[in-house]
Amino acid sequence: MTLVEMGDYFRQLGEPAFRAKQVFTWLHRGVKSFDEMSNLSKSLRQKLAQSCHITVPRVARKQESRLDGTVKYLWELEDGNCIETVLMQYHHGNTVCISSQVGCRMGCAFCASTVAGRVRDLTPSELLDQVLFTQLDSGREISNIVLMGIGEPLDNRENVLKFLDLVNHPDGLNIGMRHISLSTCGIVPGIDYLAGLHLQLTLSVSLHAPDSETRSRIMPVNKKYDVEELFAACHRYFKTTGRRISFEYAMIDGVNDHDWQADLIARKLAGMPGHVNLIPLNDVVESPFKPSHRLSAFQKRLESHGVTATVRRSLGGDIDASCGQLRRKAMEEKEDVSGK
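Presented here is an overview of the structure given in this document.

1. Here we look at the overall build of the protein chain
Then, number 1: Looking only at helices and strands, the protein chain features eleven helices and twelve strands.
Then, number 2: A compact globule built from 340 residues would reach a C-alpha radius of gyration of about 20 Å, and the protein chain, at 21 Å, matches this within 12%.
Then, number 3: Seen along its three principal axes, the alpha-carbon backbone of the protein chain occupies a region of about 70 × 50 × 40 Å.
Then, number 4: For the protein chain, the proportion of its 340 residues judged to be buried stands at 54%.
Then, number 5: Partitioning the intrachain contacts of the protein chain with sequence separation of at least 6 by distance along the chain shows that 66% fall at a separation of at least 24.
Then, number 6: In the protein chain, the 41 positive side-chain charges and the 41 negative ones have mean positions that sit 3 Å from each other.

2. Quick word on the layout of surface pockets
A probe as big as a water molecule, rolled over the atoms, marks out the empty space that is left.
Then, number 1: Its volume calculated, the second largest pocket comes out at about 510 Å³.
Then, number 2: Around the second largest pocket, the lining comprises 23 residues; the ones closest to its centre are Met1, Met6, Leu27, His53 and Ser125.
Then, number 3: For the lining of the second largest pocket, the leading source of residues is helix H4 (residues 124-138), giving six residues.
Then, number 4: Split by residue class, the lining of the second largest pocket holds 17 nonpolar, four polar and two charged.

3. Structural notes on the state of the cysteines
Then, number 1: Within this structure, the stated rule accounts for zero disulfides.
Then, number 2: The closest cysteine sulfur to the non-disulfide-bonded cysteine 108 is located on cysteine 185, 5.4 Å from its own sulfur.

4. Things to note about the packing of helix H6 (residues 188-197) against helix H8 (residues 227-241)
Two packed helices can be described by the angle between their axes and the distance between those axes.
Then, number 1: At a minimum axis distance of 9 Å, the contact between H6 and H8 shows a crossing angle of 5°. In terms of axis orientation, H6 runs roughly parallel to H8. Taken together, the residues of H8 that come into contact with H6 (itself represented by Val188, Ile191, Asp192, Leu194 and Ala195) are Glu229, Leu230, Ala233, Arg236, Tyr237, Thr240 and Thr241.
Then, number 2: Of the residues that constitute the contact of H6 with H8, the class distribution is seven nonpolar, two polar and three charged.

5. Some thoughts on unusual backbone geometry
Then, number 1: Even without being glycine, histidine 198 reaches a positive phi, approximately 55°.
Then, number 2: Structurally, histidine 198 can be placed in the loop between H6 and strand E9 (202-206).
Then, number 3: You will see that histidine 208, though not glycine, has its phi angle at about 65°, which is positive.
Then, number 4: Here histidine 208 lies in the loop between E9 and helix H7 (212-218).
Then, number 5: Histidine 208 sits in the buried class, given a relative accessible area of 5%.

6. Quick word on the sheet that holds strand E11 (residues 274-280)
Then, number 1: Strand order in the open sheet formed by ten strands is E1-E2-E3-E4-E7-E8-E9-E10-E11-E12, with mixed pairing between adjacent strands. Unpaired on one side and paired on the other, strand E1 (58-64) and strand E12 (308-311) mark the two borders of the sheet. Pairwise comparison of adjacent strand axes, ignoring direction, gives a mean angle of 20° for this sheet.
Then, number 2: Pairing of strand E7 (residues 142-147) with strand E8 (residues 180-184) involves three bridges; the strand directions are parallel. Following the sheet pairing, leucine 147 is matched in E8 by leucine 182.

7. Examining helix H5 (residues 157-168)
Then, number 1: The end-to-end C-alpha separation of H5 is 16 Å, in line with the 16 Å expected for twelve residues at 1.5 Å each.
Then, number 2: When H5 is considered as a whole, its buried residues turn out to be Val160, Phe163, Leu164, Leu166 and Val167. Considered in projection along H5, the buried side chains sweep an arc of 165° and stay on one side of the axis.
Then, number 3: Residues of H5 that are buried in the fold lie against helix H2 (18-27), H4, E7 and E8.

8. Quick word on the side chain of asparagine 81
Then, number 1: Considering the arrangement of structural elements, one finds asparagine 81 in the loop between strand E2 (71-76) and strand E3 (82-90).
Then, number 2: There is a polar contact of 3.0 Å between the side chain of asparagine 81 and the side chain of aspartate 79.
Then, number 3: Residue contacts for asparagine 81: discarding those within four places in its chain leaves Trp75, Glu76, Val102, Val119 and Arg120.

9. Quick notes on the nonpolar core
Then, number 1: Ranked by internal contacts, the top residues of the largest apolar core, which has 91 residues, are Ile145, Leu147, Phe163 and Val276.
Then, number 2: Per element, the largest residue contribution to this core is six residues, and it comes from H8.
Then, number 3: Excluding anything up to four places from it in sequence, phenylalanine 163 contacts Ile98, Pro124, Leu127, Leu128, Val131, Ile145 and Leu147.

Each value, and the rule that gives it
- Residues numbered from 1 in each chain as written.
- Predicted model: local features only at pLDDT ≥ 70, side-chain atom pairs only at ≥ 80, totals over all residues.
- Heavy atoms only, no water.
- Helix = DSSP H or I, 4+ residues; strand = E, 2+ residues; numbered from the N terminus.
- Rg over C-alpha atoms; globule rule 2.2 N^0.38 Å.
- Buried < 20%, exposed > 50% of the residue type's maximum accessible area, 1.4 Å probe, protein only.
- Contact = heavy atoms within 4.5 Å.
- Lys, Arg positive; Asp, Glu negative; His and termini not counted.
- Charge placed at Lys NZ, Arg CZ, Asp CG, Glu CD.
- 1 Å grid on protein atoms, 1.4 Å probe; cavity = no way out; pocket = protein on both sides within 12 Å on 5 of 7 lines; lining within 4 Å.
- Points joined across faces, edges and corners; volume = space filled by probe spheres on them.
- Nonpolar A, V, L, I, M, F, W, Y, C, P; charged D, E, K, R; others polar.
- Disulfide = S-S within 2.5 Å.
- Axes fitted to C-alpha atoms, helices over the stretch in contact; angles between N-to-C directions.
- Parallel < 35°, antiparallel > 145°, perpendicular 65-115°, else oblique.
- Pairing = 2+ DSSP bridges.
- Expected span 1.5 Å × (residues − 1).
- Arc of directions from axis to C-beta.
- Polar contact = N/O pair within 3.5 Å; in protein donor to acceptor, adjacent residues only side chain to side chain.
- Core = buried A, V, L, I, M, F, W, Y, C linked by side-chain atoms within 4.5 Å.

Coordinates in, geometry out; function isn't part of it.
Set out below in C-alpha cells:
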C-alpha cells in the first residue's frame with residue numbers, strides 16, 4: 001500500500017490517520033511481523049495481524065564475489081518461486097539490480113532469464129523487498145536502483161510504477177528518481193507512457209542491434225515493435241522529457257559487432273543525446289552466441305561519430321552474477337531432485 005491507501009485503510013478501521021504513517025515507516029524498516037511495531041497498541045497489532053499480510057522473502061542462496069564484493073541473492077518468495085537480486089559496489093555508492101517478474105517472456109536469445117518463460121509478475125511489495133532486504137542482509141546502504149534483473153519492467157508496468165512511488169517516498173527508503181534506472185527491451189507503448197509521466201529516472205533501452213534483421217534474430221520483441229518504431233519512440237521520449245537515454249548493447253561475436261552497425265547506431269541517434277553502454281556478453285549454456293572481441297574497435301567507431309560510448313565494467317564474474325544464471329541452476333537442481 002502507498003501511504004495514501006494506508007491512510008484510507010486505517011480510517012476504515014476507525015483508527016486515527018497518524019497510525020498509517022507509523023505503520024508505513026515500520027514496514028520500510030523491514031519488520032517481519034506486526035509484533036515488532038512497538039508504538040502500536042497490542043489490540044491494533046492483533047487486528048492488523050488478522051486482516052493484513054507482510055511479505056518477507058527468504059534467502060535461498062547468497063554468493064559474494066572475492067574479486068569485487070558483488071553479492072548475488074536468490075530470493076525465495078512465499079509461493080516457492082525464486083528471483084535474483086544483485087548488489088554492486090561503485091565509487092558513487094551501492095547499486096542494487098532487481099527483478100520485475102518471475103521469469104521473462106521476451107525470449108532474448110542471449111539471456112538466461114528467459115529460460116522456462118514468464119511465470120508471473122512481481123507485486124510492488126516484492127519489488128520493494130528486494131531493495132529493503134538486500135540492504136538489511138548486506139549491511140550496505142543502497143543509493144541506486146536498476147530494474148535490469150529478471151523480467152521486463154514495462155511488461156509489469158502498473159506494479160513497477162507503484163514500486164517507484166513507494167521506494168521514492170520520503171517516509172520510506174527515500175531513494176530519488178534520479179538514482180533509479182529502468183531498462184526495457186523496447187515496449188514502445190510503455191516508453192510513450194513513461195514519457196508522459198515526466199519521471200526523473202534514467203530510461204535504459206536494451207538495443208543490442210540497430211537493424212531489424214539482426215534484432216529480430218536475437219530479440220523476438222522486435223517482431224512486434226520494430227527497431228525503427230523503437231528509435232522513433234526514443235526520439236519522442238527525449239523531445240518530451242529532455243532526458244538522455246542509455247542504450248544497452250551486448251556485444252555478440254559476428255552478429256552485432258560490425259562497423260556498419262556502429263555507423264547505423266550513430267545515424268539513428270542523430271539529434272538525440274544518447275549513451276551507448278557496450279556490454280561484454282556473458283556465456284549462457286543454452287545460447288549459441290559468444291562474446292565479441294571487438295568491444296574496443298566498436299567503441300572507437302561510435303566515438304568517431306561523436307556518440308558517447310563506454311564499456312560496462314564486469315562485476316561478479318566468479319559468482320554467476322549475470323542475470324538468470326543462479327535461478328536457472330536452482331531450477332535444474334530442483335528438477336534433478338524431483339526426478340523430472
